[in-house]
Amino acid sequence: MVDTLNRLAATIAARKGADAGSSYTASLFANGLPKIAQKLGEEATETVIAAMQRDPKAVTGEAADLLFHLLVLLDASGVPLAEVLAELDRREGVSGLDEKASRTIAPEAEAAPKPLSAPAAPEPAPGIALGGPAPASRRRIRRG
Ligand SMILES: N=c1c2ncn([C@@H]3O[C@H](COP(=O)(O)OP(=O)(O)OP(=O)(O)O)[C@@H](O)[C@H]3O)c2ncn1[C@@H]1O[C@H](COP(=O)(O)O)[C@@H](O)[C@H]1O
């Protein structure tokens, strides 16, 4: 699997500068990153549809299209496939549920008392709701 993806990534890198009239890969690069991203989204949608239609053969074909277009997007984004594979290796053995739970700050940290020197927050005027984003301590920490 990895060998196949590496070979395909190398083919894509070799074809991207080819004549767009004779290479589908080159035509994708010629149309730019937005079009590549759009095609990847279409292939993802087609894969989902095939799965929902309980059509394994169609899923196979659409998943192959999806992987091909993902590799094109990685190249167009300057991200080597090796980096994605290394990220997967790094995650190996880490439960997705545990990792997700670790993204949120523990409730006890949120409830910690404020330092005495902190200036008191002004009282909101009656009937006026405070807007704006949630405090940083309440926001989820996103990866990379
Ligand atoms: N693996 C692939 C591969 N998978 C899918 N595709 C193409 O991806 C396109 C996706 O098909 P769709 O029906 O979704 O899109 P479409 O209807 O053709 O296009 P739209 O008008 O809908 O945008 C088709 O043209 C497929 O042929 C691929 N094109 C190329 N490769 C590899 O890339 C190599 C180089 O190809 P060229 O760059 O074309 O020489 C090939 O030898 C293959 O190894």
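Look up: the structure comes first, before these words.
Residues numbered from 1 in each chain as written. Predicted model: local features only at pLDDT ≥ 70, side-chain atom pairs only at ≥ 80, totals over all residues. Heavy atoms only, no water.

On to the overall build of the protein, then. Scanning the protein from terminus to terminus reveals 7 helices and 0 strands. In the protein, the succession of α and β elements from N to C terminus is α-α-α-α-α-α-α. Looking at the 144 residues of the protein, the share that counts as buried comes to 16%. A separation threshold of at least 6 residues defines the contact pool for the protein, and within that pool the share at least 24 residues apart is 59%. (Helix = DSSP H or I, 4+ residues; strand = E, 2+ residues; numbered from the N terminus. Buried < 20%, exposed > 50% of the residue type's maximum accessible area, 1.4 Å probe, protein only. Contact = heavy atoms within 4.5 Å.)

Before going further, it helps to examine helix H4 (residues 56-76). The terminal C-alpha atoms of H4 lie 30 Å apart, and with 21 residues this matches the ideal 30 Å at 1.5 Å per residue to within 8%. When we look at burial in H4, the residues that qualify are Glu 62, Phe 68, His 69, Leu 71, Val 72, Leu 73 and Leu 74. Of the surrounding elements, those touching the buried residues of H4 are helix H1 (2-15), helix H2 (24-31), helix H3 (33-52) and helix H5 (81-91). Remark: Gly 78 follows H4 within two positions and exhibits a positive phi of approximately 75°. (Expected span 1.5 Å × (residues − 1).)

Side chains that carry opposite charge are capable of pairing whenever their charged atoms lie near each other. Under the counting rule described, the total for this entry stands at 6 salt bridges. As a salt-bridge pair, Glu 87 and Arg 90 come within 2.6 Å of each other at their nearest N and O atoms. With a gap of 3 residues between them, Glu 87 and Arg 90 both fall in helix H5, about one helical turn apart. Owing to a relative accessible area of 26%, Glu 87 belongs among the partly exposed residues under this scheme. (Salt bridge = Lys/Arg side-chain N within 4 Å of Asp/Glu carboxyl O.)

What follows is about the site of the ligand. Close contacts around the ligand come from Leu 8, Thr 11, Arg 15, Ser 23, Tyr 24, Thr 25, Lys 39, Glu 43, Glu 46, Asp 65, Phe 68 and His 69, and that covers them all. At 2.8 Å from an oxygen atom of the ligand is found a main-chain nitrogen or oxygen belonging to Tyr 24. In the environment of the ligand, an oxygen atom lies 2.9 Å from a nitrogen or oxygen atom belonging to the side chain of Lys 39. Burial of the ligand by the protein chains amounts to 50% of its free accessible area of 840 Å². Broken down by secondary-structure element, the contributors of at least two residues to the shell around the ligand are H1, H2, H3 and H4. Its residues assigned to classes, the shell around the ligand shows 3 nonpolar, 4 polar and 5 charged. (Near = heavy atom within 4 Å. Polar contact = N/O pair within 3.5 Å; in protein donor to acceptor, adjacent residues only side chain to side chain. Areas by Shrake-Rupley, 256 points an atom, 1.4 Å probe, with all protein chains shown as cover. Nonpolar A, V, L, I, M, F, W, Y, C, P; charged D, E, K, R; others polar.)

This part takes up the nonpolar core. By size, the foremost hydrophobic cluster in this structure holds 12 residues: Leu 5, Ile 12, Leu 28, Phe 29, Ile 36, Leu 40, Phe 68, Leu 71, Val 72, Leu 73, Leu 74 and Leu 81. Of all elements in the fold, only H1, H2, H3 and H4 reach the threshold of two or more residues within this core. In terms of residue count, the dominant contributor to this core is H4 (5 residues). Beyond its immediate sequence surroundings of up to four residues, Phe 68 is in contact with Leu 8, Ile 12, Tyr 24, Thr 25 and Leu 28. (Core = buried A, V, L, I, M, F, W, Y, C linked by side-chain atoms within 4.5 Å.)

Turning our attention to the environment of Ala 51. As for its placement among the helices and strands, Ala 51 is situated in helix H3. Exposure remark for Ala 51: the relative accessible area of 36% places this residue in the partly exposed category. Between the alpha carbons of Ala 51 and Glu 62 there is a distance of 9.5 Å; along the sequence they are 11 residues apart.

Purely spatial values, then, with no claim about function.
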